[in-house]
Structures are given as C-alpha cells and as structure tokens.
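Tertiary structure, described
Next come the chains, spelled out residue by residue.
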Amino acid sequence: GGVVPFTAQEVWWAVRDGYIGDLTSHAFHNGGLVVSDASAVVGNSLSPQELMWSVRDGYASDTLFASGSVGGGGIETVPFTPQEVWWAIQNGYASDMAEHWFRNGGLSM
C-alpha cells in the first residue's frame, strides 16, 4: 500500500458534502489517502505552486475541477507525514521542507 495526496477536487467534495473533518483527520494521521496501489495515482495532484499559477493566470476552474487533475509536471510525489513534518521542525529544516512542498506538492520520488 501507499499514501497519496488529496486532489483539490477531493478537498472540494469534502467541504461541499460535509466530511472535511474526516478528510483532515485522515490527512493528519496518514499524510494523505491510504491506497492499496500508490503507483496508480501518485503524481495526479496539483502542487501548491501550480494551484497559485492557475489562480493568478485565470484557469483555476479548469485545473481544479477538470476530470483527472493535472499532475505535478510528471514528477511523482508523496505527501509528507505529520511525523516527517515534526522531524523537520525539530531538526531545523522546516523551511526547506516547506519550500519543497510548495514547489512539488510533497516529497519527490
């Protein structure tokens, strides 16, 4: 099994349909969505930087709600787990981790 990040569309559905608390809890405990075959879906979500570009340049609705989200430029990523975030804070490299997350949407594989 593996863990993949939630897509913007999945987050929107959670907000719209009232289960954002469950999604947040799942993201906090596992770092994303636990799946049996992570290779089938890894890399299918937008990085935060791509999301900001789509908002800035006026095509956010195309990227956020299109069938089959566009993915991080062909780079496969996995989300950081809460434990990895804690280690980054504890060991002084949280800013590097935040920059990597912003650019790639997670840990590049």
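Anyway, here's the lowdown on the structure attached to this text. As the structure is a prediction and not an experimental result, all values here were calculated from the model.

Now for the overall build of the chain. Looking only at helices and strands, one finds six helices and four strands in the chain. Helices and strands appear in the chain in the N-to-C order β-α-α-β-α-α-β-α-α-β. A fraction of 70% describes how many contacts in the chain between residues 6 or more apart in sequence connect residues 24 or more apart. When the accessible area of the chain is evaluated, it comes to approximately 6,800 Å², of which 59% is carbon and sulfur surface.

So, about a nonpolar patch on the surface. Together, Val 11, Trp 12, Trp 13, Val 15, Tyr 19 and Ile 20 make up a nonpolar patch on the protein surface, roughly 490 Å² of accessible area in all. Looking at the nonpolar patch element by element, the count peaks at four residues for helix H1 (residues 8-17). By secondary structure assignment, the location of Val 15 is in helix H1. Val 15 gets classed as partly exposed once you look at its relative accessible area, which sits at 47%.

On to the pattern of salt bridges, then. On inspection of all chains with the given rule, the structure shows two salt bridges. With its nearest N and O atoms 2.9 Å apart, the salt bridge here joins Arg 16 to Asp 17. You can call Arg 16 partly exposed: its relative accessible area is 49%. Accessibility expressed as a relative area gives 45% for Asp 17, which makes it partly exposed. Here Asp 57 ties to Arg 56 by a salt bridge, and the two come within 2.8 Å at their closest N and O atoms.

So, how was this worked out
- Residues numbered from 1 in each chain as written.
- Predicted model: local features only at pLDDT ≥ 70, side-chain atom pairs only at ≥ 80, totals over all residues.
- Heavy atoms only, no water.
- Helix = DSSP H or I, 4+ residues; strand = E, 2+ residues; numbered from the N terminus.
- Contact = heavy atoms within 4.5 Å.
- Areas by Shrake-Rupley, 256 points an atom, 1.4 Å probe, with all protein chains shown as cover.
- Patch = residues over 30% accessible without salt bridge, like charges linked within 9 Å, V, L, I, M, F, W, Y side chains within 5 Å.
- Salt bridge = Lys/Arg side-chain N within 4 Å of Asp/Glu carboxyl O.
- Buried < 20%, exposed > 50% of the residue type's maximum accessible area, 1.4 Å probe, protein only.

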